[in-house]
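Geometric and topological summary
Each chain, written out:
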Amino acid sequence: MHVVSPGERGTPEATGAKSGTLSSLLPGGTLPRGAVVSAGGDLPLLIALAAEAADGGAWAAVGLPQLGGLAAADAGLDLACGLAVPEPGGRWPEVLATVCEAAPVVLLGPVGQVALRTSRRIAARLRRSGTMLLTWQDWPEAQLRLRVAEARWDGLGDGFGLLAGRRARLVVAGRGAATQPRHAQVWLPGPDGSVQLIAEPVATAGADVVPLRPVTAG
């Protein structure tokens with residue numbers, strides 16, 4: 001990974017959030033710039049969100065020493081465009097503020113309880129820079145909250161087999177248009193390492209063919 005200079009950062013328009021599997025579940029079908037999106041403590045979800053948001057462009061990770069290069073690359077993050085600060089220490093808000101000026105997509109690891117004053121100060125910085133902050137933990141006043149309600153790995157039998165993919169039930173909620181939670185079954189990751197929707201059967205009276213509905217609201 002290398003340090004992304006302000007000149008390499010690009011603009012939110014040039015590095016707009018990718019329209020992908022996860023963003024298709026959100027109001028408007030895109031991940032919001034200049035806002036906070038929390039991943040509910042799920043690292044694969046956090047990485048997948050970052051890969052869609054960065055779309056091959058610049059990104060940064062603060063306070064995530066457990067983020068391996070292989071996992072990041074497999075998810076679609078370009079390691080040559082990444083900046084990592086694994087151990088920001090107690091001054092993480094200052095470190096985060098600086099990093100947000102250098103990268104349009106920033107991942108933040110667990111930092112403990114966040115004071116509302118700190119949250120609002122960071123929110124103001126995000127709005128000015130257009131940076132998207134993806135947090136491992138829940139976050140005060142996050143615009144969107146995604147979480148894995150349940151998950152299981154496929155591919156293992158009774159003491160044999162290989163992990164093929166993780167099936168997860170994803171819940172998406174938030175503020176504004178996202179007040180009504182959405183639910184979806186997804187591969188996170190799938191057998192090929194990507195994130196994919198899993199179609200759910202919907203019973204239809206009098207029909208021989210059962211239509212598929214990948215996302216349900218409620």
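You'll find the structure just up there.
First things first, this report covers the structure right here in the doc.

What counts as what
Residue indices begin from 1 for each chain and proceed along its sequence in written order. Restriction of local features to residues with pLDDT of at least 70 applies here, the model being predicted, together with a cutoff of 80 or more for giving and counting side-chain atom pairs; totals for whole chains, interfaces and linings are based on all residues. Side-chain descriptors were evaluated using all non-hydrogen atoms of the structure, hydrogens and water having been removed beforehand. Classification of ring pairs uses Phe, Tyr and Trp, with its six-membered ring standing for Trp, and accepts pairs whose centres are within 6.5 Å; under 30 degrees between planes counts as stacked, over 60 as edge-to-face, and the remaining range as tilted. What counts as a helix is a DSSP run of H or I of at least four residues, what counts as a strand is a run of E of at least two, and both are numbered from the N terminus. In this scheme, a residue with accessible area under 20% of its type's maximum is buried, one over 50% is exposed, and one in between is partly exposed, where area comes from a 1.4 Å probe on protein chains only. In this description, contact between two residues means that some pair of their heavy atoms is separated by no more than 4.5 Å. In this scheme, a helix's expected span is set at 1.5 Å multiplied by one less than its residue total. Working definition: the arc comes from the directions between the helix axis and the C-beta atoms, pointing outward to the latter. A pair of strands is labelled paired if DSSP reports no fewer than 2 bridges between them. Crossovers are marked right-handed if the path from the first strand over the helix to the second runs clockwise, as seen with the strands pointing away from the viewer.

Moving on, we come to the packing of aromatic side chains. Applying the stated criterion across every chain, the model contains 1 aromatic pair. Here the aromatic rings of Trp92 and Trp139 are separated by 6.2 Å at their centres, their planes lie at 70 degrees, and the arrangement is edge-to-face. One end of the pair, Trp92, is in helix α4 (residues 92–100); the other, Trp139, is in the loop between β5 (132–135) and β6 (144–156), with 47 residues separating them in the sequence. Take Trp139: its relative accessible area is 1%, and that puts it in the buried class.

Time to look at the environment of Leu170. Assignment of secondary structure puts Leu170 in strand β7 (residues 161–174). Distance in space between the C-alpha atoms of Leu170 and Leu188 is 9.4 Å, their sequence separation being 18 residues. Non-local contacts of Leu170, meaning those with residues more than four positions away in its chain, are made with Leu22, Leu25, Leu45, Leu146, Arg147, Val148, Arg182, His183, Ala184 and Val186.

This brings us to helix α5 (residues 116–129). Under the 1.5 Å per step criterion, the end-to-end length of α5 is 20 Å for 14 residues, consistent within 8% with the ideal 20 Å. Residues of α5 that are buried include every one of Thr118, Ser119, Ile122, Leu126 and Ser129, and no others. Along the long axis of α5, the arc covered by the buried residues comes to 95 degrees, so they all point the same way. For α5, the exposed residues set more than 90 degrees away from the buried face come down to Arg117, Arg127 and Arg128. Gly130 lies just past α5 and shows a positive phi near 75 degrees.

Burial of strand β2 (residues 59–62) is two-sided: the residues Trp59 and Ala61 facing one way and the residues Ala60 and Val62 facing the other way are all buried. Of the strand pairs in this sheet, β2 and strand β3 (residues 82–85) are connected by 4 bridges, and their pairing is parallel. Bridge assignment links Trp59 to a residue of β3, and that residue is Gly82. In terms of handedness, the path from β2 via helix α3 (residues 69–75) over to β3 forms a crossover that is right-handed.

Such coordinate-based values are descriptive only and should not be taken to indicate function.
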